[in-house]
Amino acid sequence: MPNSPRPIPQVMNPVKLPSLQAIRSMRWILISPLVAVVALALLMGATIWYLTESEYNQQQQALIRDVNSAQRQIGERLQLAQNELAAFSEQMPVRPTNRELQQFSEGLFIKQPEIVFFAWIDQRGTVRHVSTSQGLPTQGFDRVGAPLNRAASLRALEYAISSKKPQYSAPMSSQTDVEVDLHVPILRNGITDGTLVASYSLPSLLLSAIPSGIGNRVAFSIVAQDGERLGQTRDEEPVAGNPAYEVPLEPISTSLRLRGFIYKPVNTLYNDVIATLVAGLILFAVISQIVIWRNTRRRLGAEQELAEETAFRRAMENSMSTGMRVIDLSGQIKYVNPAFCRMVGFSPEELTGAMPPYPYWPPETLEQLGRNLGRMLSGESPPSGLPIAIMRKNGTRLTVRMYTSPLIDHTGIQTGWMTSVTDISEQTRIRQELAQSQERFITVLQALDAAVSVAAPAPNGELLFANQAYKKWFGSSITDGHRYLSAAARGPWADVREVYNDVVQRWFEVRVRNIQWVDGRAVELMVATDITKERASQQAQREQHEKLQQTARLVTMGEMASSLAHELNQPLTAIANYTSGAASRIRMADAHGEQLPNEDLIDMLTKTAKQAERAGQVIRRIRGFVKRSDPIRRLTDPLTILADTLGLADIDARERGITLIQKLDPSLPMLNVDPILIEQVLLNLVKNGIEAMRDAERRELTIEIILSGEQIVFSVIDCGHGVPKGIRDRLFDSFYTTKSDGMGMGLNICRSIIESHQGRLWFEDNPDGGCTFRFTLPVAASQPPENSTIESEAVKS
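Conventions adopted
Residues numbered from 1 in each chain as written. Predicted model: local features only at pLDDT ≥ 70, side-chain atom pairs only at ≥ 80, totals over all residues. Heavy atoms only, no water. Helix = DSSP H or I, 4+ residues; strand = E, 2+ residues; numbered from the N terminus. Expected span 1.5 Å × (residues − 1). Contact = heavy atoms within 4.5 Å. Buried < 20%, exposed > 50% of the residue type's maximum accessible area, 1.4 Å probe, protein only. Pairing = 2+ DSSP bridges. Axes fitted to C-alpha atoms, helices over the stretch in contact; angles between N-to-C directions. Parallel < 35°, antiparallel > 145°, perpendicular 65-115°, else oblique. Left-handed = near helix turned anticlockwise from the far one by under 90°. Nonpolar A, V, L, I, M, F, W, Y, C, P; charged D, E, K, R; others polar. pLDDT = per-residue confidence, 0-100. Salt bridge = Lys/Arg side-chain N within 4 Å of Asp/Glu carboxyl O. Patch = residues over 30% accessible without salt bridge, like charges linked within 9 Å, V, L, I, M, F, W, Y side chains within 5 Å. Areas by Shrake-Rupley, 256 points an atom, 1.4 Å probe, with all protein chains shown as cover. Phe/Tyr/Trp six-rings, centres within 6.5 Å; stacked < 30°, edge-to-face > 60°. Lys NZ or Arg CZ within 6 Å of the ring centre and 35° of its normal.

Between its first and last C-alpha atoms helix α7 (residues 151–163) spans 18 Å; for 13 residues at 1.5 Å apiece the expected length is 18 Å, and the two agree. Buried residues in α7 make contact with β1 (115–121), β3 (167–168), β4 (172–173), β5 (178–188) and β6 (191–201). Backbone geometry just after α7 places K164 at a positive phi near 60 degrees.

Among the structural elements, S420 can be located in strand β15 (residues 414–423). Residue classification places S420 among the buried residues on the basis of a relative accessible area of 19%. If sequence neighbours within four positions are ignored, S420 has contacts with T322, G323, M324, R401, M402 and Y403.

What follows concerns the sheet that holds strand β10 (residues 253–261). The strands making up a sheet are joined through hydrogen bonds of the backbone, oriented either antiparallel or parallel. Ordered in space as β8-β7-β10-β9, the four strands form an open sheet in which the pairing is antiparallel. Strand pairing shows two members of the sheet lacking a second neighbour, β8 (229–232) and β9 (244–249), which therefore form its edges. The mean inter-strand angle of the sheet, taken between neighbouring strand axes irrespective of direction, is 25 degrees. The pairing of strand β7 (residues 219–223) with β10 spans five bridges and is classified as antiparallel. Bridging across to β10, A219 finds its partner in F261. Contacts between helix α5 (residues 56–91) and the sheet are confined to β7, β9 and β10, with β9 contributing the most and set at about 20 degrees to the helix. Contacts from helix α8 (residues 202–209) reach β7, β8 and β10 within the one sheet, and its direction differs from that of β8 by about 35 degrees.

For the rest of this paragraph, the subject is the sheet that holds strand β19 (residues 506–516). Sheet architecture is open: five strands sit in the order β17-β16-β20-β19-β18, paired in antiparallel fashion. The open sheet has two edge strands, β17 (463–466) and β18 (497–501), and neither has a second partner. Strand after strand, the sheet turns through a mean of 30 degrees between neighbouring axes, direction not considered. When strand β16 (residues 451–455) meets strand β20 (residues 522–530), the two strands line up antiparallel, connected through five bridges. Looking at β20, one finds that A451 is bridged to A528.

Two elements in contact, α5 and helix α6 (residues 98–111), have axes separated by 12 Å at closest approach and are oriented at 170 degrees. The orientation of α5 relative to α6 falls into the category roughly antiparallel. Here α5 runs over α6; the crossing is right-handed. Here α5 contributes R77, E84, L85 and F88 to the contact with α6, which in turn contributes E100, L101, F104, L108 and K111. Residue composition of the contact of α5 with α6, grouped by class: five nonpolar, no polar and four charged.

Right, let's get into the packing of α5 against α8. Between α5 and α8, the shortest axis-to-axis distance is 10 Å and the interhelical angle comes to 110 degrees. Judged by the angle between their axes, α5 and α8 are roughly perpendicular. Here Q73, I74, R77 and L78 of α5 come into contact with α8, specifically with L205, L206, S208 and A209. Across the contact of α5 with α8, the residue classes break down as five nonpolar, two polar and one charged.

The next thing to look at is the confidence of the model for the chain. Of the residues in the chain, 75% reach a pLDDT of 70 or more, and the chain-wide mean stands at 77. Predicted confidence in the chain is weakest over strand β28 (residues 790–791), with a mean pLDDT of 38, and strongest over strand β25 (residues 711–717), with 94. Taken as a whole, residues 1–17 scores under 50 in pLDDT and shows 29 contacts with residues more than four places along the chain or in a different chain.

Summed over all chains, the structure comprises 22 salt bridges. With its nearest N and O atoms 2.2 Å apart, the salt bridge here joins E426 to R429. Of this pair, E426 and R429 are both found in helix α14 (residues 425–447), three residues apart, which corresponds to roughly one turn of the helix. For E426, a relative accessible area of 42% corresponds to the partly exposed category. The partly exposed category is assigned to R429, whose relative accessible area is 34%. Two residues, R774 and E764, come together in a salt bridge whose shortest N-O distance is 3.2 Å. Residue R774 is located in strand β27 (residues 771–778), and its partner E764 is located in strand β26 (residues 760–765); the two are separated by 10 residues in the primary sequence.

Quick look at a nonpolar patch on the surface now. Where nonpolar side chains cluster on the molecular surface, the patch consists of L283, I287 and V291 and spans about 270 Å² of accessible area. Relative to the elements of secondary structure, V291 occurs in helix α10 (residues 272–319). Take V291: its relative accessible area is 43%, and that puts it in the partly exposed class.

So, about the packing of aromatic side chains. Applying the stated rule across the entire model yields 11 aromatic pairs. Between F474 and F508 the ring centres are 5.7 Å apart and the planes differ by 45 degrees, which places this aromatic pair in the tilted class. Placement of the pair is F474 in helix α15 (residues 468–474) and F508 in strand β19, with a sequence separation of 34 residues. For F474, a relative accessible area of 7% puts it in the buried group. Note on F714 and F775: the rings are 4.7 Å apart at their centroids and 5 degrees apart in plane angle, and the pair reads as stacked. Placement of the pair is F714 in strand β25 and F775 in strand β27, with a sequence separation of 61 residues. Assigned by exposure class, F714 and F775 land together as buried. Ring-pair connections join several aromatic residues into one group, and the members of that group are F340, Y358, Y360 and W361. A cation over a ring is seen here: R128 above W120, with NZ or CZ 4.7 Å from the ring centre. Residue placement shows R760 over the ring face of W762; its charged tip is 3.9 Å from the ring centre.

What follows is the structure in structure tokens.
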């Protein structure tokens, strides 16, 4: 701590740059010795007037060179500005920001002080941006968004847009100045999108463009066509008889002329005394001028640097989002920046000079904040900052973090404390919300019935997280749980695997994916859901479904019992007749003492054998249809399914006088299906079609099998009365039937069978009456699995 505190100096206002009028005034002061020499030379002119005529021609030639040189200087300066505007127009975006335009205009004003305005005008003549040099009023550029209010400039704008070339306007006079506007078109893809405008002050142009050496010898003015002087470097009028010369002021306009005249003709004296005296006086004046000019330039440069540095530091402080506060060693506030004022809601006047307790201290924490301030004044503030709550002027609270450091002056003595204040209310709120969200998330994970675990990759990985369900089944073991299940369930996250764990003797539905852990490591996330009860329930459901299918087949056979009995009765009756006839023939032959020919016995026995084979075929089909077996999918020819189905259905159809018609695709692929189940579906649909045509006039039932894309379509088309509209929505419901002796399970089971084969079952109305039931089976599912069997039979239509 220093022995004696020093007062903190108040922050100085930025140093203002010298105005144009001040610069002109300084210029007159700097050339005052030269003016004195010129005055002395004019007094001596009475003695040397006769020498002027001899040098008139030399002065005239020098004047012409000076005027032409000045014209070139002005032209080059104008061309330089024009090139800079053209280059900026090529790079300017469609919608430049004010900051970009302001930065460009500030650089332009520095390089070309004769430019007093810079503006952006769109193609409609609307002012889109305007900047002024040295705070001059925007004459004619009323405001952004308003039309350009300078008639001569508008004509130049129209010409620049139409010709796509830079154009100078006619001179425009105001109360204090004469200006000319340069319009540089903005070209985008060959189309003019407005102009960039640089407004030149003609008097300033003369002062800045003409070299001082020429300006000291020649007085220049810009003259209009009518002889009006629009700008001049000096207030003297041309002296009659002195050399004068003028040229067009290009590239602005040929109607404007740059006029130069010698206002102080320099006479060469042949008299050595007078020449020495004049030369000495001039030399003394020049040396004095150089010394004064160099000293003044250094001083102005130092002042300019100080002003720029002060303005830069003030701009940094004002643009900071971090609040800055300076207190002296006693705790009195000496300085606050705008960010601090915005943070607490008090003005600088309300805060500067305040002593503890400060206006922004909450009443409920005055004691704590007082202790914190005491520790800070004693140098005990933590380097990481101190989070505290402060109060805005409107009474609202916010949380900030204060960082304090000693304030050391240029002599190395501490004069106070500098405190930076950062608003951390939002960060504090976000951290609290994240903590609460994390807590809720962990609570949800712990309450899940599924086991959730995170582990580093094998073989040396550790168990990073496990919820309560995981610990209940596997404890803290990574081998019995995470490693065992994840090894058996490798695959995408959407690919769910069912894995049986021998350790806990349970089935799990497992998902595994790679995620990034909090420390950046790649780890495995596993979610395992216990599905032991679900699998048991599904197994029981499958068994019930198989029993129901078996029952449905038995019911179907029961409904066809009379037809089947009639079909069996015919071959059995024929067998009885053939054997009875054979016995009678043998007895008759014995009675007559004759021997029955072997051919007759062979013929009767052959017919008997055929009828027995016919009865056996009916019994085999019934036995194969109603036989209970586990569902087995194998490659089966669709025609084999159709043949077995029609072998059973044809009996009932013939009894009812219905003709079964087959329409088959000539090239049908094999199907990977359970043939008994598909036969059950097809037989049920055919039987329903036969019953639907009980009273129909047209007694034809069509069975169609075609290949459609990647599916085989089975269609059963009857000529009955169709499906009534009142039962369409319930036709496939369980236990719903229109038959008095039906169970209502046939179509429901059929749909379940088809959907289990990734197919679809539906019905349609026929245009000519009746109904069509269709179902599809995918060809894509017909690829032969490993060790599958192929069932195919020759079918005769």
